[in-house]
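Results of the structural survey
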Amino acid sequence: MKMPIKQFSTLTGVSVRTLHYYDEIGLLKPEAVDEHNGYRYYGEESFKRLSEILFYRELDFSLKSISEILLLPNYDRKAALQGQRELLILKRNRLDRLIAALDDAEKGRIEMNVFDNSEYEKARNEYKEEAEKRWGKTDEYHRFSEKTKDYGNEKWGEVNDGMNVIFRRFSELNEGRFSPDSEEAIKTAEALQSFITENYYDCNKQILSCLGQMYVSDERFKNNIDKHGEGTADFVAQAIEAYCG
């Protein structure tokens, strides 16, 4: 069930303005956008994605770091949640120590070492490094980081719009009963490869083939692509397979 952005904002406690910003930088895209009035709509996958973002925010990760982690090629949501839990326990333990120190302070006993947050900060940095090692250990990811490090909100908006143009073209071909191995579909798959290479990292056919599989196996990607039309993700995957094969 999809809901308008205002209702989604009320249920999650995240302001509409913040949701608009997350959309602009590609951190949390709506699951559907009304073609006539531009209204954004969110659903179950949006709740899952936002919960991940908010957990990372509670753990003091910057939006840049969160984007880098969530965009890792082989990002594993379940493993990420387990890591977040471990960090939250560390954070809770520190808060417990601070509360105990406050009680001691009321009795005239002062301990300054409770303010040392190095253990948590070290664990948080290690988490990000481990995430990059586990899910983004490819050379392509490092080239992605280098190429996009100076991207601002406007540039990210342009890149996201460009990807949407390509996926809309796939949707039009699918709705027009074109075959995934038709000349038009294969040309669009080639255009997708070129766009990724130009804006993200060098995308050879092997990488593109893996992306095609991910577009249908990962519900987050599948739902985002299918907002352009039911069955678009499957069509894209088949067109990529035809092009790469």
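Structure shown above.
What you see is a predicted model, and the numbers here were worked out from it, not measured in a lab.

Helix and strand content of the protein chain: 12 helices and three strands. Contacts in the protein chain between residues far apart in sequence, at least 24 positions, make up 64% of those at least 6 positions apart. Split by element, the accessible area of the protein chain, about 14,300 Å² in all, is 49% carbon and sulfur.

Quick look at unusual backbone geometry now. Trans peptide bonds make up the majority, and among non-glycine residues the majority have a negative phi. If you check the backbone angles, Asp60 has positive phi at about 70° while not being a glycine. Within the element layout of this structure, Asp60 appears in the loop between helix H3 (44-58) and helix H4 (63-70). Positioned with a positive phi, Arg177 is a non-glycine residue whose angle comes to about 65°.

Looking now at the nonpolar core. Soluble globular proteins tend to pack their nonpolar side chains together in the buried interior. Among the nonpolar cores identified, the biggest contains 29 residues, and Phe170, Leu192, Ile196, Tyr200, Leu211 and Tyr215 are the most heavily contacted of them. Secondary structure elements with two or more residues in this core: helix H8 (153-175), helix H9 (183-199), helix H10 (205-217) and helix H12 (232-244). Ranked by residues supplied to this core, first place goes to H8 with seven residues. Setting aside residues no more than four positions away along its own chain, Leu192 makes contact with Met163, Ile166, Phe170, Leu208, Tyr215 and Ile240. Ile25, Leu27, Leu70 and Leu72 belong to the second-largest nonpolar core, a separate cluster that totals 24 residues.

With that settled, consider the side chain of Ser9. Here Ser9 shows up in helix H1 (residues 5-12). Non-local contacts of Ser9, meaning those with residues more than four positions away in its chain, are made with Val14, Ser15, Val16 and Leu19.

On to the packing of H3 against helix H5 (residues 77-106). When two helices pack together, their arrangement is given by the angle between their axes and by how far apart the axes lie. Between H3 and H5, whose axes approach to 10 Å, the crossing angle comes to 35°. Handedness of the H3/H5 crossing: left-handed. Residues Glu45, Lys48, Arg49, Glu52, Phe55, Tyr56 and Glu58 of H3 form the contact with H5, whose own contacting residues are Arg77, Ala80, Leu81, Gln84, Leu88 and Lys91. Considering only residue class, the contact of H3 with H5 consists of five nonpolar, one polar and seven charged.

Relative to each other, H10 and helix H11 (residues 219-226) sit at 85°, their axes nearing to 5 Å. In terms of axis orientation, H10 runs roughly perpendicular to H11. For the pair H10 and H11, the contacting residues are Met214, Tyr215, Val216 and Ser217 in the first and Glu219, Phe221, Lys222 and Ile225 in the second. Per-class residue counts for the contact of H10 with H11 are five nonpolar, one polar and two charged.

What follows concerns the packing of aromatic side chains. Evaluated as defined, the whole model comprises six aromatic pairs. Arranged with centres 5.2 Å apart and planes meeting at 75°, the rings of Tyr56 and Phe61 form a pair that is edge-to-face. The residues Tyr56 and Phe61 share a single accessibility class, namely buried. Look at Phe167 and Tyr215: their rings are 5.8 Å apart centre to centre, the planes differ by 85°, and that puts the pair in the edge-to-face class. Highlighted residues: Phe167 in helix H8 and Tyr215 in helix H10, separated in sequence by 48 residues. Neither Phe167 nor Tyr215 differs from the other in exposure class; each is buried. An aromatic cluster is present here, built from Phe8, Tyr42 and Phe47 joined pairwise through their rings.

Rules of the game
Here the residue numbering is sequential within each chain, running from 1 through the sequence in written order. Only residues with pLDDT of at least 70 get local features here, since the model is predicted, and only at 80 or more are side-chain atom pairs given and counted; chain-wide, interface and lining totals rely on the full set of residues. The side-chain figures draw on all heavy atoms in the structure; neither hydrogens nor water molecules are used. Numbering of helices and strands runs from the N terminus, with a helix taken as a DSSP run of H or I at least four residues long and a strand as a DSSP run of E at least two residues long. Any two residues whose heavy atoms approach within 4.5 Å are treated as being in contact. Only the protein chains shown count as covering a residue, and every accessible area follows the Shrake-Rupley method with a 1.4 Å probe. Only buried residues count toward a nonpolar core, which is a set of Ala, Val, Leu, Ile, Met, Phe, Trp, Tyr and Cys residues joined through side-chain atoms within 4.5 Å. Accessible area is worked out with a 1.4 Å probe on protein chains only. A residue is then buried under 20% of its type maximum, exposed over 50%, and partly exposed in between. To define axes, lines are fitted to C-alpha atoms, for helices over the stretch in contact only, and angles between the resulting N-to-C directions are given on a 0 to 180 degree scale. The sense of a crossing depends on the near helix, which, turned anticlockwise from the far helix by less than a right angle, makes the crossing left-handed and, turned clockwise, makes it right-handed. Each residue is assigned to one of three groups, with Ala, Val, Leu, Ile, Met, Phe, Trp, Tyr, Cys and Pro labelled nonpolar, Asp, Glu, Lys and Arg labelled charged, and all others, Gly among them, labelled polar. Any angle between 65 and 115 degrees counts as roughly perpendicular, while under 35 counts as roughly parallel, over 145 as roughly antiparallel, and the rest as oblique. Stacked, edge-to-face and tilted are the three classes for Phe, Tyr and Trp ring pairs, Trp counted by its six-membered ring, which pair at centre distances within 6.5 Å; planes under 30 degrees apart are stacked, over 60 edge-to-face, the rest tilted.

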